[in-house]
Amino acid sequence: MSASYILKRIALIFYTLFIVSLLVFGITQVLPADAAVMMLGENATAEALEALRNSMGLNDPIWMQYLRWTGGVVQGDFGTSLRTGQPVGPALFSALGTSLTLAVFSLTFMLALALPMGVVAAIQRGKATDLFVSFLSYIGVALPEFVTATLAVLFIADWWGILPPAGYVPLSQNPVEGLRHLVLPVVVVSIIMIAHVSRMVRSELVDVLHTDYIRAAHLKGLSRGRILLRHGLRNALLPAITIVALDVGYLLGGVIVVEEIFSIPGIGRALMAAIQARDLPVIQAGVLIMAATYSIVNFAADLFYAWLDKRIQYD
Amino acid sequence: MRLNRRTFLLSTAAATALSVYAPAMALAQATPEKGGTLRVAIDQAVSVLHPLLSRVNPEYLAAELLYSSLTRLTVGMQAEPDLAMEWNANDTLTEWTFKLRDGLKFHDGSGCTSADVVASFEAILDPKFASPGKNNVGPIEKVEAVDPQTVKFTLSTPYADFPAAVAYNNARIIPASVIAGNFESLRSAANGTGPFKLASYEPDRLVVFERNPDYYDPARPYVDRVELKVFPDLGAQVSSLMAGDIDLVATVEPNDFMRLEGADGVDTLRAASGQFCNVNFGTDIAPFNDARVRRALALTIDREAMVDFMTEGFGIKGNDTPLNESYSFFKALPQREADIAEARRLLAEAGFPDGFEAELIASDRPAIRTQLAIALREMAKEAGITINVRTMPHATYLDQVWTKGAFYIGFYNMQPTPDGIFKLLFTSDAAWNETRWNNKAFDALIEEARGILDPVKRTEVYTKAQELMHEDVPSLIPSFFDVLGAKRAWMHDYAIHPRASMFRLDFAWLDANSPTRAA
């Protein structure tokens, strides 16, 4: 993997973000709502609205507004929220931090379950365990997170009272309560991904276990565990990484629903609230930040891929 | 029970309150205990703390905890002392003088005097600050400080309801120095005279308040802390209440209310109210510029069915005027019922023997608006009227349809007085003149009532005004909603306010069963 390839990829990320910025800015311009009306409310006088439009630069040509906005973004200034009057950047990055906490826990939990499930199913191919794992993953794929979230709240929180049904406590404030509040959302977000990844690991591992080099390893007299981990899983894992990277895209979308239901103040909720209030600066910045996250994660997945499998050469 | 000023106020409030409250108030006989954290679920973010700029119920609640007004409204909609101990008016009701309490202090320790009151009201009325309360605080022409504890308001017209008007949600007293300095700074910080001080503020998750030891009533508030927790999902609010993670859900939906009615340790709260969802006509746009067409539509409505469908039975029939038994000075008119034959006759007379087709616009928030639109569509079919329902996002609706459209759905909270609701929506100079009805005779009646103190005479005038509306139908008001809430049984002395935007949590207290009392 050459340095020029990495540079090219980084340039591509910026190009993607440029296109996204054009799209999101264009779309928010045609939304039928006047930012000045949103800010001052129903009782604002015509003069007050006009004065605000002028001071916000809403009367300037659109290209000028776009340049001013991107100029600010490049300098880390995402503008001011129409809803709260506070700077958009700090609020959104703190929300992103909350979402990433949820995402990191979900990915860890998912991998901790999906990998063993896939491996066991592959080894036990065609037996009861395999069928059971397949059955579970079909259910996982079939149930959207708003259904699993509601069921989780109903059974685990309402009936058995084991875990709090909703809310969020920052881990830095109170680690125990923070974790208790994270359990249900993490499980709900993970279910579909567990289904995806365990099926992928199973089918890849089944293929790999039938290859000649695995047979050779057996004939060489290596132990079963060593064959499975060193030779089998390492090769079977590669496609799983792609799936995980793609699932991060799902994660970004899925958290919107899960954050809404479990009242977690992450970036998904911030975007929902901004869309409902037509808070244009927050919508623009939020979409941009999500697009950037997605691009970076996929880039990282590609690098990881190359690191795991030295045969892969990007140029 | 020891009778002090506070319990006296409570008992008079109970006496004036509607019969619906009677059981709740009768239970609230125990002596308040101190301590604990009151945890309240709210369904929207507290986007601003600024009391002059707040616009939705969670923001009103935060402002009410942090700030005080000259007066406040009991659950029976009567003005009671807040910062002002007493008030009086001249004979023509055009000059009102309010006397402030002794030794009032803002949270930063500085004194609160008549100069702050004057500055606050001038800011509310100043178009520059665009306070949503601008049109709700009465016809104030001039406000001046007579001495450090006395404020005089001069009104442009007589106004008997002025003491209730200054209890409006946005009419809070903030320091004059903030208004002269950085007015916007109160969006995320606070300096009021209210029962609680701000401890921490995260708009989308949690706002924490601490007891203000310098509050003017040394007994109140009873709880040490209040936490407002944001739960955008209504189901999560109810689940958290049942789990005991929160103490109060300020408003619940009828189906959640029914689910909570049997729950252990939970009290459901219900009060009759003047809250309604209505169908507005642009009375200057054909075919709705013809009163016969409007009346014909009113006659297609089966109001009993409407109450069941819209409120699940938690409401009462409306009579196409915004008043009901929950308001003072109310006398019921004969109830309008469905009469399809008469509706068809009126339509024929107006030149639509085969009915007509119209588009009815409903915003998507709250969902009840669409529900009303669909119910009307089905009921109007019988008279040959074809209604096409169009829903749109609330922000688009506010921008393009509201106060401009020909045929659309409105949704309103109960106002403190009949004058409040008429002047908000139906007079020619209404803040939100949704129907452009502009009826001079009606305007004159509302204006006349403002100058009358005698309740009997005022009732007569408002009844005449109601008759005009009932006959001319600028707006269909098919049903009123009860306001619904729920709390844990360990929380006491909280009655749901028919205004839905007032909370009075400084009277509430937690008994020893509350989990937050143990700490």
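Only a predicted model underlies this, so the values are computations on that prediction, with no experimental measurement involved. Within each chain, residue numbers correspond to sequence positions counted from 1 in written order. Chain letters start at A and ligand numbers start at 1, both assigned in the order the entries are written. Only residues with pLDDT of at least 70 are given local features in this predicted model, and only at 80 or more are side-chain atom pairs given and counted; all residues enter the totals for whole chains, interfaces and linings.

## Overview of the overall build of chain A
In DSSP terms, a helix is any run of H or I states spanning at least four residues, a strand is any run of E spanning at least two, and both are numbered starting from the N terminus. Counting secondary structure elements, chain A contains twelve helices and zero strands. The helix and strand sequence of chain A, counted from the amino end, reads α-α-α-α-α-α-α-α-α-α-α-α. Taken along the three principal axes of its C-alpha coordinates, chain A extends 85 × 55 × 35 Å. A total of 315 residues make up chain A; the buried ones form 33% of that total. Remark: residues whose backbone-derived C-beta atoms lie within 7 Å of one another are considered to be in contact. Of all intrachain contacts in chain A linking residues separated by at least 6 positions in sequence, the fraction that spans at least 24 positions is 70%. Our exposure labels follow a C-beta count within 10 Å of each residue's own C-beta, placed from the backbone: buried means 20 or more other C-beta atoms, exposed means 12 or fewer, and partly exposed covers the counts in between.

## Thoughts on the overall build of chain B
Counting its secondary structure elements, chain B contains 16 helices and 20 strands. Using C-alpha atoms as the atom set, the radius of gyration is obtained and then compared with a globule rule of 2.2 Å times the number of residues to the power 0.38. Here the C-alpha radius of gyration of chain B, 23 Å, is about what a compact globule of 519 residues would show, namely 24 Å. Principal axes of the C-alpha set define a box for chain B whose edges measure 70 × 55 × 45 Å. A burial count over chain B gives 51% of its 519 residues as buried. Expressed as a percentage of contacts within chain B between residues at least 6 apart in sequence, the contacts between residues at least 24 apart total 72%.

## Describing the packing of helix α5 (residues 88-123) of chain A against helix α12 (residues 280-308) of chain A
Residue and element names in this part refer to chain A. A fitted line through C-alpha atoms serves as each axis, taken over the contacting stretch for helices, and the angle formed by two N-to-C directions is quoted from 0 to 180°. Where α5 contacts α12, the two axes come as close as 10 Å, and the packing angle between them is 45 degrees. In this view, α5 runs oblique relative to α12, as classed from their interaxial angle. As for how α5 packs across α12, the hand of that crossing is right-handed. From α5, V88, G89, L92 and L96 reach across to α12, where they touch P281, V282, A285, G286 and I289. All residues other than Ala, Val, Leu, Ile, Met, Phe, Trp, Tyr, Cys, Pro, Asp, Glu, Lys and Arg, Gly among them, are scored as polar; the first ten of these are nonpolar and the last four charged. For the contact of α5 with α12, a count of residues per class yields seven nonpolar, two polar and no charged. Roughly parallel here means an angle under 35 degrees, roughly antiparallel means over 145, roughly perpendicular means 65 to 115, and every remaining angle is called oblique. In a left-handed crossing the near helix is turned counterclockwise from the far helix by less than a right angle, and in a right-handed crossing that turn is clockwise.

## What to know about helix α11 (residues 340-349) of chain B
Residues and elements named next belong to chain B. All buried positions along α11 are accounted for by A343, R344, L346 and L347. One side of α11 carries all its buried residues, which in axial view fall inside an arc of 160 degrees. Looking one or two residues past α11, G351 carries a phi angle of roughly 95 degrees, positive in sign. This arc is taken over the directions from the axis of the helix to the C-beta atoms.

## Thoughts on the interface of chain A and chain B
Residue-level contacts link 35 residues of chain A with 34 residues of chain B. Only α2 (35-40), α3 (46-56), α7 (145-159), α10 (224-261) and α11 (267-276) of chain A provide two or more residues apiece to the side of chain A that touches chain B.

## What to know about the sheet that holds strand β5 (residues 95-100) of chain B
All names here are of chain B. Read from one edge to the other, the open sheet built from four strands follows the order β4-β5-β7-β6, with strand pairing classed as antiparallel. Sheet topology places β4 (84-89) and β6 (140-147) at the edges, where each strand pairs with a single neighbour. When strand polarity is set aside, the average angle formed by the axes of neighbouring strands in this sheet is 20 degrees. Of the pairings in the sheet, the one linking β5 to strand β7 (residues 150-155) comprises five bridges and is antiparallel in character. In this scheme, strands are said to pair when DSSP sees at least two bridges between them.

## A closer look at the environment of B:A350
Residue and element names in this part refer to chain B. Mapped onto the fold, A350 is located in the loop between α11 and β14 (357-363). By the C-beta count within 10 Å, which is 17 here, A350 ends up partly exposed. On a C-alpha basis, the gap between A350 and E434 in space is 23 Å, while along the polypeptide they are 84 residues apart.

## Observations concerning the pairing of β14(B)
Residues and elements named next belong to chain B. When β14 meets strand β15 (residues 386-392), the two strands line up parallel, connected through seven bridges. Along β15, the bridge assignment pairs A358 with I387. Assignment of crossover handedness uses the view with strands pointing away from the viewer, where a clockwise path from the first strand over the helix to the second indicates a right-handed crossover. Taken together, β14, helix α12 (residues 368-381) and β15 form a β-α-β motif whose crossover is right-handed.

## Some thoughts on helix α1 (residues 3-30) of chain A
Along its 28 residues, α1(A) runs 41 Å from first to last C-alpha, staying within 8% of the 40 Å computed at 1.5 Å per residue. With zero of 28 residues buried, α1(A) lies mostly on the surface of the structure. Under the convention used throughout, the expected extent of a helix is 1.5 Å for every residue step, that is, one less than its residue count.

## Considering the confidence of the model for chain A
Note: pLDDT gives the predictor's confidence per residue, expressed from 0 to 100. With 96% of its residues at a pLDDT of 70 or more, chain A has an overall mean of 84. Per-residue pLDDT, averaged within each element of chain A, yields its smallest value for α2(A) (70) and its largest for α5(A) (90).

## Examining the environment of B:T154
All names here are of chain B. Here T154 is to be found in strand β7. For T154, a count of 14 C-beta atoms within 10 Å gives the class partly exposed. Separated by 57 residues in sequence, T154 and T97 place their C-alpha atoms 8.9 Å apart.

## Structural notes on the confidence of the model for chain B
All names here are of chain B. For chain B, mean pLDDT is 91; residues scoring 70 or higher make up 94% of the total. In the predicted structure, residues 1-27 sits below a pLDDT of 50 and forms 28 contacts with residues beyond four places in sequence or in another chain. The complex prediction reports pTM at 0.83, with the ipTM value standing at 0.74.

## Overview of unusual backbone geometry
Residue and element names in this part refer to chain B. Each neighbour pair has its own omega, and for R220 with P221 the value is -10 degrees, a cis peptide bond. With respect to the secondary-structure elements, P221 resides in the loop between β9 (206-211) and β10 (225-230). In this structure, P287 follows A286 across a cis peptide bond, with omega equal to 0 degrees. Take P287: it is sitting in the loop between β12 (266-281) and α9 (291-299). A positive phi is found at T403, a non-glycine position, where the angle reads about 65 degrees. Structurally, T403 is set in the loop between α13 (394-400) and β16 (407-412). Since 18 C-beta atoms lie within 10 Å of it, T403 is described here as partly exposed.

## As for the packing of α5(A) against α11(A)
Describing two packed helices takes the angle between their axes plus the distance from one axis to the other. Residues and elements named next belong to chain A. Relative orientation of the contacting elements α5 and α11 amounts to 135 degrees, with a least axis distance of 7 Å. Taken together, α5 and α11 sit at an angle that is classed as oblique. From α5, L92, A95, L96 and S99 reach across to α11, where they touch I267, G268 and A270. In the contact of α5 with α11, the residues fall into five nonpolar, two polar and no charged.

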